Amino acid sequence: MCLVAGWLILPTAALVAQAPPPPPTGPGAPGSHSGPGGPGGMNRPGGSVTSQDAKSANASRNALQFGPSGRWWDDRSVANQVGLTSQQQKRMDSIFNANRTVIVESYKAFLKAQSNLEKVNKDASADKTAVFAAVDAVNQARSALQKSTLAMLMQIREQMAPEQIEKLQKLE
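Here the structure is a predicted model, which is why all the values come from computation and not from measurement.

Undergrad: Got a minute to help me understand the side chain of Q159 in this structure?
TA: For Q159, the location among the structural elements is in the loop between α6 (128-157) and α7 (162-171). A polar contact of 2.7 Å, which involves the side chain of Q159, links it to the side chain of R91. If we skip the residues at most four places from it in the chain, Q159 touches Q88, R91, M92, I95 and Q164.

Undergrad: I'm lost on α6 in this one. Help?
TA: Since there are 3.6 residues in each turn of an α-helix, residues three or four apart along the chain are aligned in direction. With 30 residues, α6 should reach 44 Å at 1.5 Å per residue; the first-to-last C-alpha distance of 43 Å fits that figure. For α6, the set of buried residues is A134, V135, V138, A141, R142, L145, Q146, S148, T149, M152, L153 and I156.

Undergrad: Is there a simple way to explain helix α5 (residues 86-122) in this structure?
TA: Taking 1.5 Å of rise per residue, the 37 residues of α5 would be expected to cover 54 Å, and the 51 Å separating its terminal C-alpha atoms lies within 8% of that figure. Maximum bend of α5: about 40°, positioned at R100.

Undergrad: Would you mind going over the environment of K167 with me for this structure?
TA: With respect to the secondary-structure elements, K167 resides in helix α7. For the pair K167 and V82, spaced 85 residues apart in the sequence, the C-alpha separation amounts to 5.4 Å. In contact with K167, not counting residues within four places along its chain, are Q81 and V82.

Undergrad: Honestly, the packing of aromatic side chains in this entry has me stumped. Any pointers?
TA: Note on aromatic pairs: each is described by the distance of the centres and the angle between the planes. A complete count under the given rule lists two aromatic pairs for this structure. Taken together, a centroid distance of 5.6 Å and an interplanar angle of 85° make the contact between W72 and W73 edge-to-face. Across the pair, W73 and W72 agree in class, each one buried. In this structure an aromatic cluster arises from ring pairing among W72, W73 and F96. Sitting above the plane of the F96 ring, R71 keeps its charged end 4.5 Å from the centroid.

The rules behind the values
Residues numbered from 1 in each chain as written. Predicted model: local features only at pLDDT ≥ 70, side-chain atom pairs only at ≥ 80, totals over all residues. Heavy atoms only, no water. Helix = DSSP H or I, 4+ residues; strand = E, 2+ residues; numbered from the N terminus. Polar contact = N/O pair within 3.5 Å; in protein donor to acceptor, adjacent residues only side chain to side chain. Contact = heavy atoms within 4.5 Å. Expected span 1.5 Å × (residues − 1). Buried < 20%, exposed > 50% of the residue type's maximum accessible area, 1.4 Å probe, protein only. Bend = angle between axes of the 7 residues up to and from the residue. Phe/Tyr/Trp six-rings, centres within 6.5 Å; stacked < 30°, edge-to-face > 60°. Lys NZ or Arg CZ within 6 Å of the ring centre and 35° of its normal.

This is how it looks when you write it as structure tokens:
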């Protein structure tokens, strides 16, 4: 159950990976490309990820993503193609830095809720109420993380002209 939530935060994991302290790394860590946290985000029994899982993960990622992953406005090629000015890039950096702490804290809370759900789920004596409470905590933490990330991305989007947004969307 907690592995399902991992694929919903891929865009945020890219943002958090740029902020100290770094998120966990290695196979299975959020944003990694192998294990349960990799593309598709969840493993089926037997280790295979279905095409429906991948479609769901991509649809969720796209709903939460504005532009390429990470600090795309710092990529000279993307900035040139979109027509960003240095002033726009500075404002976007400022927005990113202003929101980074909230996003990192939200990400940590999400990971903690996931970890708690794993513990409760592995506890043979855990009752249904405890498991559902842990699931609710993961969902609330995920929601807070998504909202804080989207709030930042909307602020970044506000720094762009409509024609720049169109150019950026064509790059995705």
